[in-house]
Amino acid sequence: MAAMCSAGIKAGITGLALGLTLLVGATQATAREQSSALPRASAGARPVGTARPILAWTEFCKSYATECAVDTNEPARITLTPAVWSLVTSVNRRVNDRIQARTDQEHWGVPDRWDLAEDGVGDCEDYQLLKRRLLAEAGLPRRAMRMTVVIDEKGEGHAVLTLITDRGDFALDNKTSTVMAWHETGYTYIKRESQDAVAWVSLGGATSPMVTANR
């Protein structure tokens, strides 16, 4: 999935991680004041069977096994509180702001490569992988944050990060700093990582791109 999603430089990533400590404290301190900011609850997407993994994801998992591991002892859903919602929206915005968008073909000379944007440059899946790492480091269950393949508004393959919550499924996207319910994005949802194994499940979309090739 060659999508424009990677993060800034290593120093920028370190800054994001360090900033989370202050961010979590700030969101907890103001949680009661933000109770009205929680999104409206809605139904989540329903897997309808197995799906073939993206090849670049398979290669990514060889180098970053812990990023792909599934711990079935973790919660399958995130309990959304005002503090958690503020954390999610802040991480989404900050990563989007700090990563320089570039296709994998431009960046690496290959159609699709997944990584954590260690050099500060990347495409869509790299943005989302970094967001998941930061949110997991902040305490959210990785099992409830699934990399997801969609067809975007241009008819191209694209990657978002689906957060599976007690208020429905929400998409973190490098194309917008607004975290939206999955069904409000306008995308066609194809497949996502399984919550039960290192595998993928279908979300019912008829077309399955081999790569995510946009920014």
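Residues numbered from 1 in each chain as written. Predicted model: local features only at pLDDT ≥ 70, side-chain atom pairs only at ≥ 80, totals over all residues. Heavy atoms only, no water.

So, the nonpolar core
The nonpolar side chains of soluble globular proteins are, as a tendency, buried together.
Link 1 in the chain: Formed by 38 residues in total, the largest nonpolar core has its most connected members in Ile78, Val88, Trp114 and Leu135.
Link 2 in the chain: Those elements giving two or more residues to this core turn out to be α2 (55-63), α4 (82-98), α6 (124-137), β4 (145-151), β5 (157-165), β6 (168-173) and β7 (176-181).
Link 3 in the chain: Once residues within four sequence positions are removed from consideration, Ile78 is found in contact with Val84, Leu140, Pro141, Ala144, Met145, Leu163, Ile164, Thr165 and Asp166.
Link 4 in the chain: Val150, Ala171, Tyr187 and Leu203 belong to the second-largest nonpolar core, a separate cluster that totals seven residues. (Core = buried A, V, L, I, M, F, W, Y, C linked by side-chain atoms within 4.5 Å. Buried < 20%, exposed > 50% of the residue type's maximum accessible area, 1.4 Å probe, protein only. Helix = DSSP H or I, 4+ residues; strand = E, 2+ residues; numbered from the N terminus. Contact = heavy atoms within 4.5 Å.)

Some points on the sheet that holds β5
Link 1 in the chain: The strand order β1-β9-β8-β4-β5-β6-β7 describes an open sheet built from seven strands, whose pairing is antiparallel. Strand pairing shows two members of the sheet lacking a second neighbour, β1 (50-51) and β7, which therefore form its edges.
Link 2 in the chain: Relative to strand β9 (residues 200-202), β1 is paired through two bridges, and the arrangement is antiparallel. Bridging across to β9, Thr50 finds its partner in Val201. (Pairing = 2+ DSSP bridges.)

Focus: the environment of Asp115
Link 1 in the chain: Tracing the chain through its elements places Asp115 in the loop between α5 (104-108) and β3 (121-122).
Link 2 in the chain: Sequence-wise, Asp115 and Ala56 are 59 residues apart; in three dimensions their C-alpha atoms are separated by 9.3 Å.
Link 3 in the chain: Side-chain polar atoms of Asp115 contact the backbone nitrogen of Ala117, separated by 2.8 Å. (Polar contact = N/O pair within 3.5 Å; in protein donor to acceptor, adjacent residues only side chain to side chain.)

Concerning α4
Link 1 in the chain: With 17 residues, α4 ought to run about 24 Å at 1.5 Å a step, and its terminal C-alpha atoms sit 24 Å apart, in line with that.
Link 2 in the chain: Across the 17 residues that make up α4, a large majority, 13, are buried. (Expected span 1.5 Å × (residues − 1).)

A word on the confidence of the model for the chain
Link 1 in the chain: Considering every residue of the chain, the mean pLDDT works out to 85; 79% of them sit at 70 or more.
Link 2 in the chain: The weakest mean pLDDT in the chain belongs to helix α1 (residues 10-29) at 50; the strongest belongs to β6 at 98.
Link 3 in the chain: Note on residues 1-12: pLDDT under 50 across the span, and 90 contacts to partners over four residues away in sequence or across chains.
Link 4 in the chain: The model gives residues 26-35 a pLDDT under 50, and that stretch makes 10 contacts with residues more than four places away or in other chains. (pLDDT = per-residue confidence, 0-100.)

Topic: the packing of aromatic side chains
Link 1 in the chain: Within this structure, the stated rule accounts for five aromatic pairs.
Link 2 in the chain: Note on Trp57 and Trp200: the rings are 5.6 Å apart at their centroids and 90° apart in plane angle, and the pair reads as edge-to-face. Here Trp57 is found in helix α2, whereas its partner Trp200 is found in strand β9, with 143 residues between them in sequence. Each member of the pair, Trp57 as well as Trp200, carries the same accessibility label: buried.
Link 3 in the chain: Aromatic ring contacts, followed pair by pair, group Trp57, Trp114 and Trp200 into a single cluster.
Link 4 in the chain: Above the face of the Trp108 ring, Arg113 is positioned so that its terminal group lies 3.6 Å from the ring centre. (Phe/Tyr/Trp six-rings, centres within 6.5 Å; stacked < 30°, edge-to-face > 60°. Lys NZ or Arg CZ within 6 Å of the ring centre and 35° of its normal.)

Considering unusual backbone geometry
Trans is the prevailing form of peptide bonds, just as negative phi is the prevailing case for residues other than glycine.
Link 1 in the chain: Phi angles above zero are rare outside glycine, and Ala117 is one such case at about 55°.
Link 2 in the chain: Looking at the secondary structure, you find Ala117 in the loop between α5 and β3.
Link 3 in the chain: For Ala117, a relative accessible area of 0% translates into the label buried.

Observations regarding the layout of surface pockets
Link 1 in the chain: Quantified by volume, the largest pocket comes out at close to 220 Å³.
Link 2 in the chain: Along the wall of the largest pocket there are 17 residues; nearest its centre are Ala45, Arg77, Ile164, Arg192 and Gln195.
Link 3 in the chain: Elements supplying a minimum of two residues to the lining of the largest pocket: β5, β6 and β8 (188-193).
Link 4 in the chain: When the residues that make up the lining of the largest pocket are grouped by side-chain class, the tally is four nonpolar, six polar and seven charged.
Link 5 in the chain: Looking at the second largest pocket, its volume works out to about 170 Å³.
Link 6 in the chain: In this structure, the second largest pocket is lined by Ala56, Glu59, Phe60, Ser63, Tyr64, Trp108, Asp112, Arg113, Trp114, Asp115, Glu118 and Asp119. (1 Å grid on protein atoms, 1.4 Å probe; cavity = no way out; pocket = protein on both sides within 12 Å on 5 of 7 lines; lining within 4 Å. Points joined across faces, edges and corners; volume = space filled by probe spheres on them. Nonpolar A, V, L, I, M, F, W, Y, C, P; charged D, E, K, R; others polar.)

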